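Close look at the chain arrangement
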Amino acid sequence: MGRFIVRRTLSAAALLFATSVVVFGIFEVIPSYNPGRAIAGRNATPQTVAIVNKKFGFNQPFYRQYLNTMKLIFTGQIVDYQDQLNVVSEFKSRFPATLSLVIPAALIWLIAAIILGSVSALRAGRFADKALMVMAIVGVSIPVFLLGAVLLYLLAYKLTIFPNTGYVSLTSNPAQWAYYLILPWFSIALLSIGFYSRVLRSNLLDMVNEDFVRTAKAKGLSQQRVFRRHVLRNSLMPILTMFGLDFATLLGGAALVTETLFNIPGVGQYEATAIGNLDVPPILVGAMFTAFFVVLFGALIDVVYALLDPRVRLTG
Amino acid sequence: MALGVPRFRRNGQGSSTGDLPTQTTQGSSTEDLPTQTTQDPSFALPEAGGVAARPEPLVGRPPAEPEGPSTVGVGPYRLAFRRLRRNKTALFFGAVFIAIVIVCVLAPVYSHDVAHIGPNVTNPTGTVNGKSVLSTSGVPIGPTFTAHYFFGADSDGRDLAVRLLYGGRTSLIIGGIATIIIIVFGTLVGLLAGYFRGVVDAVLRPLMELIWSFPPVILGVAVGTALALGGIGPIKGNSIFIPAFIIGVIYIPYLGKPIRGEVLRLREMDFVDAARVQGMHPWRIMLSEILPNATSTIIVFIPMMLATSILLEAYLSFLGAGVQAPNASWGTLISDGITYLDTTPSFALIPGAMLVLTVLSINILGDGVRDALDPRAQVKIQT
Amino acid sequence: MAERLLEVEDLQVSFATEDGVVRAVDGVTFTLDRGEVLAIVGESGSGKSVTSMTLMGLTRGPNARFAGSAKLKGKELLTASEEDLQHIRGAEIAMIFQDPISSLSPVHRIGDQIVEQIRAHDKKVSKGEAFDHAVELMERVGIPHARARARAFPHEFSGGMRQRAMIAMALSLSPSVLIADEPTTALDVTIQAQILAEVKTLKEHSDSGIIFVTHDLGVVADIADRVIVMYAGRVVEQGTLDEIFYDPQHPYTWGLLGSVTRMDRDPPKRLPSIPGLPPSLIRAPRGCHFRPRCPHEFERCAEVPPLEARVAEAPDHLDRCWLEVEDKRTRREIEGRIGLVRDAA
């Protein structure tokens, strides 16, 4: 276990390093990217641009700029180019909103997917299965902003059941918090439910043909017991892997479209704005933030794996 | 966005709705049958199981049977095609997709001969049937269902129906170009990395991992925004080739990785060894021995990548990093329309419906193709 | 006379597949008494496993069709409810599977898997009692340090030990019928002998009826009382061990016997084999299924030969071949001397 933690920490550091270099590098190699100009504004005089370039160190060689930026990030002093806001504190203050959006949405889709996937596998070929098939394939064919738009149009504008957009923090008013977030939750969850349950279904159907499941039946276990103890348990692992990574990227800001559409002040919304402005510091921090969660949840999923399957040993 | 457009990535898990075809490439000799039969008889599809691609017969085929028409000697793709022909749903949606393509290709005809207005012609003060296309507060008119402004106007008084068709053309072209890039380079990269391993793999694999480890939307938006500013080389920033190119590159690893895995497995197989022992040139082995066995994977990926590319284009355009004004795509139209969701919902929802119908058709057709190539994915069993 | 455990009458099992109907088992009839070992022999895909699994209801499914009858102590199995079958499985009929690696759940401890079976049939047994019983069973089948090993996972066992654990599991409720479906096929030769010895001990020390499914005639000679030979879904011959081994009536049987090295005869120059492969069960040949591979085929073979007694002095020795008994014996001798007419290339 100790070895596992050490190795994972090292690989996390390596990934963070690689991510930061690449993201930084992308902007360096893009010919049209001129941060000094971007900060100074489109109508700025060459003199102003030159001052800005000097102030932010844009004239320095790549590695110096990179090192400076890293230093600023890890001392928490990095500011964005657009509004000179402290990026780290901006991420800190926005993260609760992202958590509020992502955690319930993820729970909804994971639980619903396990239930629906199981039902679908048990009723393979029958109506419930076919309905789920349709839901899954529609789910992968709709962009989340469109589903969000449809939900908004129907439930917020037409029927006025839900508020249109906005966010209330959990601490200030839990009821309002949930009320405002229901549509965003379902926008994220609905599309994933179909896909996840479909993957689970196909894992279940593969598992049903495993020899040890036949043995379980031959032992005289009830169908439910065979299913729960032998089939389901062994089928959950692939979805858990998927889930870990999806959840991690969502926490890191991959919910940017939903946050933008529903005007939720999370990290994704901040990243979306920063990307639109080619504002490197928030983009960089966002990428590293995501990479951090990807590594963290990758490790967590491996631990869960090892708990579920005795054949798996934790290695770096 | 929820999970990024590409749902099929993690863990090599499945296409849109299931898993990748687990190819049967082992020459399934009849002697392999028993294990199948004993495992679960409802799975015992003698021979039919050994679908997709099969290497040259190293193992003996059963002697031709005396009676009845037989599947022996019918190529795997022919069999797959027969199965696809029986799948009416897939065929129907395939037809829907073709119809959409035709309609979008005919956009200039509609624009010129029916609507009499170009896709980028703004007409904020125009009227249709006595009503102005934009209200005084700038709200565009909804569907009129007449030749002019059939689906209403956009926020600049442009004909939405005309833009919808042109936008569809743009979306399809971007999706198509991106898919070609993905298929060509994904296959190439996968083949090279998988077959030569060593240094080639050491270079190509981390490159793929790098692209793969970013959520596609974030990567696409970042690069798209940057390139939209100044273009690359001779290509202008607002060219539709920029998003096409970005999408193509982003998804190369999504094909390259599975192909690489497939090739790694195939290169260890006896028939490849046999070719090697015969002194066949590596390129020849790759093209005539390995590639044909990976073809069904590639075929399965074509519709999947097309659907995914069109979706990613919509995401990029929604976030302003895809197709640039004044060009339209379904993504930019939805993005423009969402502002008017309250007053003119059709503005966002009609392009949305077109986008979904297109992507859905491709996905359903793609599922049909996958099932046809890998019929065991369909076999239904009771627990 | 020993108690009659199983009575199978004209059992037919077919599966609907994408490419047509597979007639996996086509008219199998046999009985099994207490204390008896019945071997079902056949090549891969001959329907022998399907037959045995059908007895436990393990072949049921939306695509499966059954006909005929299979009775356990007079109770019909084919139409039994799923609930009734649950009580029979594991308790009345238990099964040892071919591949002990994949047949044990990888994520549960061996002991727990045995406990699960015991408690599935008797909820009153406490977990501790069941576990003690599991350990006892594991000791009985020769697993050393059984108490400690019961807490291990299957991947921590060797192949032979896993199969012993499978046997322990199958024996846990002293079933009347024990089906061993190729229990030695997936094992190393030395381990095979040990497992076989285990089954023989079973035969001597329990009064279960054992169905031993195998393709290995050497094994059959070792333990079986009676033998059924199956080919492409049909029984081609059945009789006592001696009848089958010393007076085989079907060209397929004697072909099979010809491909076994025998200590009681002069070794042939080349080990003969039966040319060709079994037919597809979807498009099986008309008439006798062995016809395309049979060197003795003649016009009448286009009709399905009934399974009936043809040797006058042995009324229980049944076979499906149109040839006259004496003619067969002559042909068999010639073939035995020169190897099969069409030797495998």
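Here, every reference points to the structure presented above.
Treat the numbers as computed from the prediction; the structure is a model and nothing was measured.

So, about helix α12 (residues 267–277) of chain A. Residue and element names in this part refer to chain A. Burial analysis of α12 places 8 of its 11 residues in the buried class, which makes it a mostly covered element. For α12, the complete set of buried residues consists of Val 267, Gly 268, Gln 269, Tyr 270, Glu 271, Ala 272, Ala 274 and Ile 275. Among the residues trailing α12, Leu 278 stands out with phi positive, at a value near 50 degrees.

Residue and element names in this part refer to chain B. Packing of helix α3 (residues 88–105) against helix α12 (residues 345–373) leaves a shortest axis separation of 8 Å and a crossing angle of 140 degrees. Considering their axes alone, α3 and α12 lie oblique with respect to each other. Viewed along their axes, α3 and α12 form a crossing whose handedness is left-handed. Contacts between α3 and α12 involve Thr 89, Ala 90, Phe 93, Gly 94, Val 96, Phe 97 and Ile 100 on the former and, on the latter, Met 354, Leu 357, Thr 358, Ser 361, Ile 362, Ile 364, Leu 365 and Gly 368. Class assignment of the residues belonging to the contact of α3 with α12 gives a composition of 10 nonpolar, 5 polar and no charged.

Residues and elements named next belong to chain C. With a phi close to 50 degrees, His 145 is a non-glycine residue in the positive phi region. Mapped onto the elements, His 145 comes out in the loop between α5 (127–140) and α6 (146–149). A relative accessible area of 64% places His 145 in the exposed class. For Glu 182, which is not a glycine, the phi torsion comes out positive at approximately 45 degrees. Mapped onto the secondary structure, Glu 182 falls in the loop between β7 (177–181) and α8 (189–205).

Time to look at the interface of chain C and chain A. Interfaces are often sized by the accessible area lost when the parts come together. Taken together, the 27 residues of chain C in the interface contact 20 residues of chain A. With both chains or domains summed, chain C and chain A bury close to 2,100 Å², and 57% of this area falls on carbon and sulfur atoms. For chain C, the biggest contributors to the area lost against chain A are C:Val107, C:His108 and C:Glu116; these three give 28% of the whole. Linking A:Arg229 and C:Glu116 is a salt bridge whose minimum nitrogen-to-oxygen distance equals 2.6 Å.

Take the packing of aromatic side chains next. Per the counting criterion, the structure on display carries 32 aromatic pairs over all chains. Note on A:Phe17 and A:Tyr66: the rings are 6.2 Å apart at their centroids and 80 degrees apart in plane angle, and the pair reads as edge-to-face. Of this pair, A:Phe17 sits in helix α1 (residues 2–29) while A:Tyr66 sits in helix α4 (residues 62–74), placing them 49 residues apart in sequence. Aromatic side chains B:Phe150 and B:Phe151 sit 4.9 Å apart centroid to centroid with 75 degrees between the ring planes, which places their arrangement in the edge-to-face category. On the accessibility criterion, B:Phe150 (28% relative accessible area) is partly exposed. Clustering of aromatic rings is evident, with ring pairs tying together A:Phe91, A:Phe95, A:Trp109, A:Phe195, A:Tyr196, A:Phe243, A:Phe247, A:Tyr270, A:Phe289, A:Phe292, A:Phe293 and A:Phe297. One Lys or Arg, C:Arg149, reaches over the ring of C:Phe157 and ends 4.4 Å from the middle of that ring. Positioned over the ring face of C:Trp322 is C:Arg300, at 3.8 Å from the centre of the ring.

Moving on: the environment of A:Tyr180. Residues and elements named next belong to chain A. Counting through the fold element by element, Tyr 180 comes out in helix α8 (residues 174–208). Tyr 180 sits in the partly exposed class, given a relative accessible area of 22%. Considering only alpha carbons, one finds Tyr 180 and Gly 166, 14 residues apart in sequence, at a separation of 6.6 Å. When neighbours within four sequence positions are excluded, Tyr 180 is seen to be in contact with Pro 163, Thr 165, Gly 166, Tyr 167 and Val 168.

Before going further, it helps to examine the sheet that holds strand β6 (residues 93–96) of chain C. Residues and elements named next belong to chain C. Strand order in the open sheet formed by 8 strands is β6-β7-β8-β3-β9-β10-β12-β11, and the pairing between neighbours is mixed. Looking at which strands have only one partner, the edges of the open sheet turn out to be β6 and β11 (308–309). Pairing analysis gives 2 bridges linking β11 to strand β12 (residues 318–319), with the strands arranged antiparallel. Residue pairing in the sheet places Glu 308 in a bridge with Asp 319 of β12. Here α8 sits on the sheet in contact with β3 (37–42), β7 and β8 (209–214), set at roughly 155 degrees to β8. Against the sheet, helix α11 (residues 251–258) touches β3, β9 (226–231) and β10 (234–240), its axis set at about 105 degrees to β9.

Checked against the element boundaries, C:Lys123 lands in the loop between α4 (110–121) and α5. As for C:Lys123 and C:Glu308, which are separated by 185 residues in sequence, their C-alpha atoms are 47 Å apart.

Scoring rules and cut-offs
Residues numbered from 1 in each chain as written. Chains lettered and ligands numbered in written order. Predicted model: local features only at pLDDT ≥ 70, side-chain atom pairs only at ≥ 80, totals over all residues. Heavy atoms only, no water. Buried < 20%, exposed > 50% of the residue type's maximum accessible area, 1.4 Å probe, protein only. Helix = DSSP H or I, 4+ residues; strand = E, 2+ residues; numbered from the N terminus. Axes fitted to C-alpha atoms, helices over the stretch in contact; angles between N-to-C directions. Parallel < 35°, antiparallel > 145°, perpendicular 65-115°, else oblique. Left-handed = near helix turned anticlockwise from the far one by under 90°. Contact = heavy atoms within 4.5 Å. Nonpolar A, V, L, I, M, F, W, Y, C, P; charged D, E, K, R; others polar. Buried area = accessible area lost by both parts, 1.4 Å probe. Salt bridge = Lys/Arg side-chain N within 4 Å of Asp/Glu carboxyl O. Phe/Tyr/Trp six-rings, centres within 6.5 Å; stacked < 30°, edge-to-face > 60°. Lys NZ or Arg CZ within 6 Å of the ring centre and 35° of its normal. Pairing = 2+ DSSP bridges.

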